[in-house]
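Observations on the model geometry
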Amino acid sequence: MLCEEKLEVFENGFRDEKFNLEVEFYGKDARKLLLAVIRELYLPDYGEDYVYPFECAKEFWDIHMDPSEIVAEEFRPSPIKFLNRSVLNRLEKALEEIDAPREVKDAIDFEKAEVHKLKKGLLAMGKNFILGEGAYLIVFNKPGARELILKYLGMLDGA
């Protein structure tokens, strides 16, 4: 669905030509996180009162969410010291359990990823993906999107 001249929202993500950004999620539902990202992207253009792309995406995804429910958190990294076989096995298992296209899974490179230990398991972050052992994979086309997604990662239940 076209929500803005250059913003297209689809079932598991969005593509925005204005910011040259595409974000998709697999596994756990991350639509509320994506709504927060869309709102932040368009807030400067629309102002606090009514951010049309946010409202349009909410309607398309049939999510009732007030802007006051958006919670930004500072990501507190807790990197693991060594990427050993045990850690790789856990990440590979988490990736295999997520229903994502094979080409998406094949593009994930854990060898170059940052891996962090969180309360709910491991979090692997590459230049174009975030994989949570809590059954979610978020892929994006611009490395700069990672910080924006991390800001709202807490909106995924139990992230």
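In this text the structure is predicted, and so the values were computed from the model without any measurement.

One open sheet holds the eight strands; their spatial order is S1-S2-S3-S4-S8-S7-S6-S5, and the pairing between them is antiparallel. The open sheet has two edge strands with one neighbour each: strand S1 (2-4) and strand S5 (114-118). Going from strand to strand, the sheet's axes swing by 15 degrees on average, the running direction of each strand aside. Two elements, strand S7 (residues 129-132) and strand S8 (residues 136-140), share four bridges in a ladder whose sense is antiparallel. Looking across to S8, one finds that glycine 132 is bridged to tyrosine 136.

Time to look at unusual backbone geometry. Its identity is not glycine, yet asparagine 20 carries a phi of approximately 50 degrees, on the positive side. For asparagine 20, the position within the fold is in the loop between strand S3 (13-16) and strand S4 (21-27). At aspartate 62, a position not held by glycine, the phi torsion is positive, near 55 degrees. Inspection of the secondary structure assignment puts aspartate 62 in the loop between helix H2 (52-61) and helix H3 (85-96). For aspartate 62, a relative accessible area of 58% gives the class exposed.

Looking at the secondary structure, you find arginine 146 in helix H5 (residues 145-151). On the basis of relative accessibility, which here comes to 13%, the residue arginine 146 falls in the buried class. Among all residues touching arginine 146, those that are not within four sequence positions of it are Glu114, Met125, Gly126, Ile130 and Phe140.

Turning our eyes to something else, we now look at the confidence of the model for the chain. Of all residues in the chain, 98% have pLDDT values of 70 or greater, and the mean over the chain is 92. The secondary-structure element of the chain with the lowest mean pLDDT is S1, recorded at 84, while S8 shows the highest, at 97.

Attention now moves to the pairing of S5. Regular strands place side chains that alternate from one sheet face to the opposite one. Two elements, S5 and strand S6 (residues 121-125), share five bridges in a ladder whose sense is antiparallel. Looking at S6, one finds that glutamate 114 is bridged to methionine 125. Connecting the antiparallel pair S5 and S6 is a turn made up of two residues.

To continue, consider the state of the cysteines. One pass over the structure, following the stated rule, counts one disulfide. A sulfur-sulfur separation of 2.1 Å characterises the disulfide bridge that pairs cysteine 3 with cysteine 56. With the S-S bond torsion at -75 degrees, the cross-link from cysteine 3 to cysteine 56 turns out left-handed. Remark: cysteine 56 occurs in helix H2 and cysteine 3 occurs in strand S1; sequence separation between them is 53 residues. When its relative accessible area of 1% is taken as the criterion, cysteine 3 is described as buried.

Reading guide: rules and limits
Residues numbered from 1 in each chain as written. Predicted model: local features only at pLDDT ≥ 70, side-chain atom pairs only at ≥ 80, totals over all residues. Heavy atoms only, no water. Pairing = 2+ DSSP bridges. Helix = DSSP H or I, 4+ residues; strand = E, 2+ residues; numbered from the N terminus. Axes fitted to C-alpha atoms, helices over the stretch in contact; angles between N-to-C directions. Buried < 20%, exposed > 50% of the residue type's maximum accessible area, 1.4 Å probe, protein only. Contact = heavy atoms within 4.5 Å. pLDDT = per-residue confidence, 0-100. Disulfide = S-S within 2.5 Å.

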